[in-house]
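Understanding the architecture of this molecule
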Amino acid sequence: MATTLKQDIRQSIEQYNELIKFSYGRSLDNAFNSAKLKIDNYLVCLDPPTSTGDILESSLVDTVSISWLKLDNVDSESDQGLNKSSIDSVEEIVEDCRSNFIAWLKGFKSAYSNKYNIGQFSGIEAIKINHLVSGFVATFTVSYRVKC
Amino acid sequence: MLTPAQEILIELFAKQLVKNIGDAIKSKPISRTSVKYENGQRITNDFTAPVNATGKLLRSLRFELTDTSLIIWGEDHAYFLIYGRKPTSGKGSRTVKDEILKWIRAKGIKSEIEDKTLAFLIARKIHREGSSIYIKHKGSNSGLLDSVLTKEIIDDFNSKFTAQLETDLKSEFGN
């Protein structure tokens, strides 16, 4: 059965790293609450939910945003003293998320080269969002390989 | 509903705005005019100085993001730092004297006169003449926050934010 772009991205991200908590179609607050992040987890949010509730796949080109995020402070449930030393600096977290995103994107391009053309990505650093996470927000275009 | 990427963009924009406002309060020189009386003559003196003194306004700055708006919050008296405090009629407010006392102590102002008496005298001067910002700008904008929300800052935010919306807009109005 044919899979959608959203399904392909989700599956690819979850396979890339088992420490990833994936979110789609939720606000940031709901994503945080649902993910229950620990310090070694990544929260990856896929955009955009539209009025129809899905990534647009009616056009030949979609614009996809992925927010790759990590806790930038100790989480409340774990031992604060122990985990505080494990928390990287914000700069390290941003670079770590950026590197992971790039590595994932490279793998996704390769695995789905017959199905999608992936454009260049652009990104911004996300620092201390909601007093909870930092990371990297990237946007790239995806077009579908037209079968002749 | 805003997407996570849109929320992140707006939060980063809001933080930059709050920082810009804080920087303006801390260090932007605002032109003002002081007034004194010597031998019955009213003497004015133009000067420039940042408005920050006790840091109370700086500490009060925060932002709030709702589904439909971004609100920047701060202490009420920010108004008087932009437009000045005009002369008052009637009895005036004790609050002004109390705030000036805090300002005197925060600025480390030394005088032969006791702090409370000095605060009273300054408050009375403001009551009669208005604040130095008001005397200079006559109730017009002192320019304190002019550089906070420039066209460049708005354009930069718009270009990042509307890129996120582009796909949604296409779906609403048709390709």
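Parameters at a glance
- Residues numbered from 1 in each chain as written.
- Chains lettered and ligands numbered in written order.
- Predicted model: local features only at pLDDT ≥ 70, side-chain atom pairs only at ≥ 80, totals over all residues.
- Heavy atoms only, no water.
- Helix = DSSP H or I, 4+ residues; strand = E, 2+ residues; numbered from the N terminus.
- Buried < 20%, exposed > 50% of the residue type's maximum accessible area, 1.4 Å probe, protein only.
- Contact = heavy atoms within 4.5 Å.
- Pairing = 2+ DSSP bridges.
- Axes fitted to C-alpha atoms, helices over the stretch in contact; angles between N-to-C directions.
- Disulfide = S-S within 2.5 Å.
- pLDDT = per-residue confidence, 0-100.
- Parallel < 35°, antiparallel > 145°, perpendicular 65-115°, else oblique.
- Left-handed = near helix turned anticlockwise from the far one by under 90°.
- Nonpolar A, V, L, I, M, F, W, Y, C, P; charged D, E, K, R; others polar.
- Core = buried A, V, L, I, M, F, W, Y, C linked by side-chain atoms within 4.5 Å.

This paragraph deals with the overall build of chain A. Scanning chain A from terminus to terminus reveals four helices and five strands. Secondary structure elements of chain A occur, N-terminal to C-terminal, as α-β-α-β-β-α-α-β-β. A burial count over chain A gives 49% of its 148 residues as buried. Nonlocal contacts in chain A, meaning residues at least 24 apart in sequence, comprise 64% of its contacts between residues at least 6 apart.

The subject of this paragraph is the overall build of chain B. When helices and strands are counted, chain B shows seven helices and four strands. Burial analysis of chain B (175 residues in total) assigns 31% to the buried set. Look at the contacts in chain B between residues 6 or more apart in sequence, and 63% of them connect residues 24 or more apart.

Moving on, we get to the sheet that holds strand β2 (residues 42-47) of chain A. Read from one edge of the open sheet, five strands run β1-β2-β3-β5-β4 (chain A), paired in mixed fashion. The strands lining the two open edges of the sheet, one partner per strand, are β1 (20-24) and β4 (116-129) of chain A. Direction aside, neighbouring strands of the sheet carry axes that sit 20° apart on average. Packed on one face of the sheet, helix α1 (residues 4-27) of chain B meets β2, β3 (61-71), β4 and β5 (133-144) of chain A and runs near 45° to β4 of chain A.

Disulfides are covalent bonds that connect the sulfur atoms of two cysteines. Residue and element names in this part refer to chain A. If you walk through the whole model with that rule in mind, you get zero disulfides over all chains. Between Cys-45, a free cysteine, and Cys-97, which holds the nearest cysteine sulfur, the sulfur-to-sulfur gap is 11 Å. A residue is classified by how much of its surface remains accessible, and Cys-45, at 0% relative accessible area, is buried.

The next point concerns the side chain of Ser-67 of chain A. Here Ser-67 of chain A shows up in strand β3. We classify Ser-67 of chain A as buried; its relative accessible area is 0%. Once you skip the residues sitting within four places of it in the chain, Ser-67 of chain A turns out to touch Leu-43, Val-44, Cys-45, Phe-136 and Val-137 of chain A together with Pro-4, Ala-5 and Ile-8 of chain B.

Averaged over every residue, the pLDDT of chain B is 83; residues scoring 70 or more account for 90%. With pTM at 0.77, the complex prediction returns an ipTM value of 0.82.

All right, on to the packing of helix α1 (residues 5-16) of chain A against helix α4 (residues 90-111) of chain A then. Residue and element names in this part refer to chain A. At their nearest, the axes of α1 and α4 sit 10 Å apart, and the two run at 120° to each other. It follows that α1 is oblique to α4 by the angle criterion. The interaxial crossing formed by α1 with α4 has right-handed handedness. Counting all contacts with α1, which are made through Leu-5, Asp-8, Ile-9, Ser-12, Ile-13 and Tyr-16, the residues of α4 involved are Asn-100, Ala-103, Trp-104 and Phe-108. Of the residues contributing to the contact of α1 with α4, the split by class is seven nonpolar, two polar and one charged.

We now examine the nonpolar core. The nonpolar side chains of a soluble globular protein tend to be buried with one another. In this structure, Leu-43 of chain A together with Leu-144 of chain B are the most contacted members of the largest nonpolar core, which totals 36 residues. Those elements giving two or more residues to this core turn out to be α2 (28-35), β2, β3, β4 and β5 of chain A together with α1, α3 (78-83) and α7 (151-173) of chain B. The element that contributes the greatest number of residues to this core is α1 of chain B, accounting for 10 residues. When neighbours within four sequence positions are excluded, Leu-43 of chain A is seen to be in contact with Lys-21, Ser-23, Ala-31, Phe-32, Ala-35, Leu-37, Ser-67, Trp-68 and Leu-69 of chain A.

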